[in-house]
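Summary of the model geometry
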Amino acid sequence: MNSLRYLRQGSAAVFIPLSSKFPVGPQLLLRKRYYATVTNADLYDVVVVGGGPAGLSLATSLRSSSVTAGLRVALVEGLDLAHARNWKSEPETYSNRVSSLTPGSVGFLTDIGAWKHVQRDRVQAYHGMQVWDGVSGSRIEFNWNSSASETIAYMTENSNLVHGLLSRISELGGVEIIDKTRVESISFGEDNGELDLRTWPVVEITGGRKLVARLLVGADGANSPVRTFAGIESRGWDYERHGVVATVKLEEGSRVGVEKTAYQRFLPTGPVALLPLPGDFATLVWSTTPQVAAKLKTLAPDEFSAMVNAAFRLSHVDIDYIKGLSEGIAGEVQWRERVSQFDYTRVPARVVGVQDKSVASFPLKMRHADSYIAERIALVGDAAHTVHPLAGQGLNQGIGDIQSLIETLEAAVQHGQDIGNSSLLPFVTPNISNIFSLANQGSILSLEPYYSAQYFKNDLMLGVVDKLHKLYSTTSAPVVALRSLGLSVVNTMGGLKSLIMKQAAGRR
Amino acid sequence: MILKRIAQLAGARTLFNGSFSALARPPPNYEGHIPLNPPERAILAIGNLIATLGETTATPYFIYRLRDVMLSSPTGRRILRDRPRITSKTLDMDQLRKLPDGTVGREYAAWLDKEGVSPDTRSQVRYIDDPECAYVMQRYRECHDFYHALTGLPVIVEGEIALKAFEFANTLIPMTGLSMFAAVRLKRGEQKRILTTYFPWAVRNGLLSKEVINIYWEEELETSVEALRERIGLEKPPDLRKIRKEERARKKAEIAARETLGPS
Ligand SMILES: Cc1cc2nc3c(=O)[nH]c(=O)nc-3n(C[C@H](O)[C@H](O)[C@H](O)COP(=O)(O)OP(=O)(O)OC[C@H]3O[C@@H](n4cnc5c(N)ncnc54)[C@H](O)[C@@H]3O)c2cc1C
């Protein structure tokens, strides 16, 4: 029973041992020798499509783990990564794409050696959170005991993170990064007689080169070509909302000595959040209708600032009216702020400026792939799931995927070791005999544990975030009363609150 | 009218002078404001004096609704910004009386004269904490007399109830809704007229016409009532006096007919 080969199988198993149920003998392999088209140089253990935060985190962790470091890895990215690699930060200027990384995510990034390459003076930790209902005003406050200085999350520019990951990858070496190159098509390999690659995905990239993958990872974002190839449905809906992002400047020294706090207010059209950056800067994420998003993007800087201040201070009726104005927005907001009743100590500092060209918007949607795995294929990050940004969890979920996938791959490789063969690294210099030698070890590289660890966890998060969005998109009085009651009750329950915070912080 | 009289009689202010002031009272938020502490608020809400009932039940929810209606309209917002008051000082009654027939100002003055009241008769709002909401309530009260001019509804009980029903449908302020219970005290014939003629008019127009709280009355004094009604999409209500006259005539005719026929 030592004769093993790769089999096409409906399940997610990548390698399975040949049993007597599959009477495919060497004669068959020999007969097809004639068709050999693949050269050894094109064979990879892992081909990652997508050089976003998820793809780069995966490549980094594959190289930094002593268990998987021997695998041959290629990463294909359509965009030019030179920009990210040579990223030079300008003081007092922040990218508008900022993610709140939970302590859990940062812990993982530290473990794989990437966090030390992230510019820490541009990362802003926060310890407090104010979340309130834009209709009833009922609110929930989260404050870690500041003496324990527990961090809720770290606001990190995506460019800073990607730069850190790329630095770590070049420090480790060994990942073949193919950027400025798109995946043009994906197909299955052939049985060339020597090698049966009929279950191996073959990635054809710009220029015609073909990469043959033992495992193909789709880290290729929401419109994942890998997912499409795998025939995995992604289900969900568009929110008919856009997330408007911007880098804003707050009133100078407005919060000196005050713990940095994240603010989020649920307006009927969607939540608006202001999250702290270093100094007097902050990043805005305002989910609103596409029409309002378009309008916000056309506003002059002082009007834009006025609208953001209005979003945290005025009644939703006021905001609705003011955003329809074609002029005089700043004056209108000034008057309304004077006569509106709100608690100065519980709203963010006043926005006094918006960074040039930093206002942008993204359509918001909810998507969840039916599965994260298919034969020799795994999906991670936005390719597997897209979530409404109201909980700032999108990228954190992606990092959770990487963490779980790497554990699964480590276990698979270690399983091969258990069999007793000393050769753990059959693919470092890929040649056909080595591939058979691993096959002969009877290694079962199954992706199932990755799927079962992540799918339901992510599904729960997606569900909760989606329900929150829906719960807060109404002004219906009974719903507002009930949700406000719920929020107030939770706010008084210390235990439950710290549980929620631990969850949100990704602590295990 | 009954309602208004009760309100005047009650003089809401007298209610709590003394006994409750022992409880710590926060400073007022605007002139004439009396901040309430929770027990007072509770007692006020329970109390069945209509004027105070209006004020306490109107805080916080319904008055916010009314304010939101104003905040959604350019004119409503202008009113909130200017906070104009309708008093004998701000309105020159002599001037209004001289306006041409059929103008808002003339009809309003005529209505007040007939009633023997002045714009100052409306009681001062005292128990609403938010100064803007307090103003909205004040405005709501001060505008009421203009609604008579606008609709042409007479000052008899039936007219007042019809107007209240209209206001309720137009603003959804509960106080005006509660006041409609006054209809039970009407004679059977009057009740029937209210139910079959005026409620349908009131509901239809209250819901379909633009919100009357957003009319800047001070700017409409010289506008013809007809034109204003048209602008906000309000139908003229059936002429109450005419209907009553006709009804009386019909009754008389019936009686007369019976008498002439005599027992055969
Ligand atoms: C407004 C907004 C605010 C957000 N805020 C937060 C937050 O606070 N916290 C958080 O955790 N998350 C946040 N997110 C989500 C987060 O940005 C995403 O989850 C994250 O960027 C996904 O990373 P990814 O690597 O999976 O995908 P992507 O970043 O989309 O990367 C996919 C990559 O694949 C490449 N690619 C695609 N197709 C091909 C192809 N055919 N060939 C070659 N390359 C290809 C693309 O060029 C791209 O670089 C936010 C999202 C939005 C819209």
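Conventions adopted
Residues numbered from 1 in each chain as written. Chains lettered and ligands numbered in written order. Predicted model: local features only at pLDDT ≥ 70, side-chain atom pairs only at ≥ 80, totals over all residues. Heavy atoms only, no water. Near = heavy atom within 4 Å. Polar contact = N/O pair within 3.5 Å; in protein donor to acceptor, adjacent residues only side chain to side chain. Areas by Shrake-Rupley, 256 points an atom, 1.4 Å probe, with all protein chains shown as cover. Helix = DSSP H or I, 4+ residues; strand = E, 2+ residues; numbered from the N terminus. Nonpolar A, V, L, I, M, F, W, Y, C, P; charged D, E, K, R; others polar. Buried < 20%, exposed > 50% of the residue type's maximum accessible area, 1.4 Å probe, protein only. Contact = heavy atoms within 4.5 Å. Buried area = accessible area lost by both parts, 1.4 Å probe. Salt bridge = Lys/Arg side-chain N within 4 Å of Asp/Glu carboxyl O. Axes fitted to C-alpha atoms, helices over the stretch in contact; angles between N-to-C directions. Parallel < 35°, antiparallel > 145°, perpendicular 65-115°, else oblique. Left-handed = near helix turned anticlockwise from the far one by under 90°. UniProt positions renumbered as here; feature names shortened; annotations may be inferred. Patch = residues over 30% accessible without salt bridge, like charges linked within 9 Å, V, L, I, M, F, W, Y side chains within 5 Å.

So, on to the site of the ligand. Residues and elements named next belong to chain A. Taken together, 28 residues sit near the ligand, with A54, E77, G78, D382 and L395 positioned nearest. Between an oxygen atom of the ligand and a side-chain N or O atom of R97, the distance comes to 3.1 Å. Taken by itself the ligand offers 1000 Å² of open surface, and the protein chains cover 84% of this. At the level of elements, α2 (53-64), β3 (98-101) and α11 (394-418) are the ones that each hand at least two residues to the shell around the ligand. Broken down by class, the residue content of the shell around the ligand amounts to 11 nonpolar, 12 polar and 5 charged.

Attention now goes to unusual backbone geometry. Within the chain, A:K357 stands out as a residue other than glycine whose phi angle is a positive 60 degrees. Note on placement: A:K357 falls in the loop between β16 (351-354) and β17 (360-369). Backbone geometry places B:R83, a non-glycine residue, at a positive phi of 45 degrees. Looking at the secondary structure, you find B:R83 in the loop between α4 (74-82) and α5 (93-97). Note on B:R83: relative accessible area 29%, which makes it partly exposed.

What follows deals with the interface of chain B and chain A. Interface extent is often summarised as the accessible area lost during association of the parts. Contacts between chain B and chain A engage 16 residues on the former and 12 residues on the latter. Per-residue buried area on chain B facing chain A is highest for B:L71, B:R77 and B:R81; these three make up 51% of the total on that side. Our count for the contact surface shared by chain B and chain A stands at 4 salt bridges. Two residues, A:E332 and B:R77, come together in a salt bridge whose shortest N-O distance is 2.7 Å. Our count for the contact surface shared by chain B and chain A stands at 4 residue pairs in polar contact (both at pLDDT 80 or more).

This part takes up the packing of helix α10 (residues 188-208) of chain B against helix α12 (residues 240-261) of chain B. Residues and elements named next belong to chain B. Running from N to C, α10 and α12 point in directions that differ by 130 degrees, and their axes come no closer than 13 Å. Judged by the angle between their axes, α10 and α12 are oblique. Judged by the sense of rotation from one axis to the other, the crossing of α10 with α12 is right-handed. Between α10 and α12, the contacting residues are E190, R193, T197 and Y198 on the first element and L240, I243, R244 and E247 on the second.

A few words on the UniProt feature "binding site: Zn(2+)" (unreviewed entry) in chain B. Residues and elements named next belong to chain B. Following the UniProt record, one finds the feature "binding site: Zn(2+)" (unreviewed entry) at H144, D145, H148 and E160. The greatest C-alpha distance among the annotated residues, which extend across 17 residues, is 10.7 Å, indicating that they converge on a single site. Within the element layout of this structure, D145 appears in helix α7 (residues 131-151). Among residues more than four places away in sequence, those in contact with D145 are Y108, W111, L112 and R122. In this fold, H148 is placed in helix α7. H148 gets classed as buried once you look at its relative accessible area, which sits at 2%. Setting aside chain neighbours within four positions, we find H148 in contact with W111, L153, P154, E160 and L163.

As a further point, take a nonpolar patch on the surface. Taken together, the side chains of A:L482, A:L485, A:V489 and A:M493 make up a nonpolar region of the molecular surface, amounting to roughly 380 Å² of accessible area. Of note, A:L485 is situated in helix α14 (residues 477-492).

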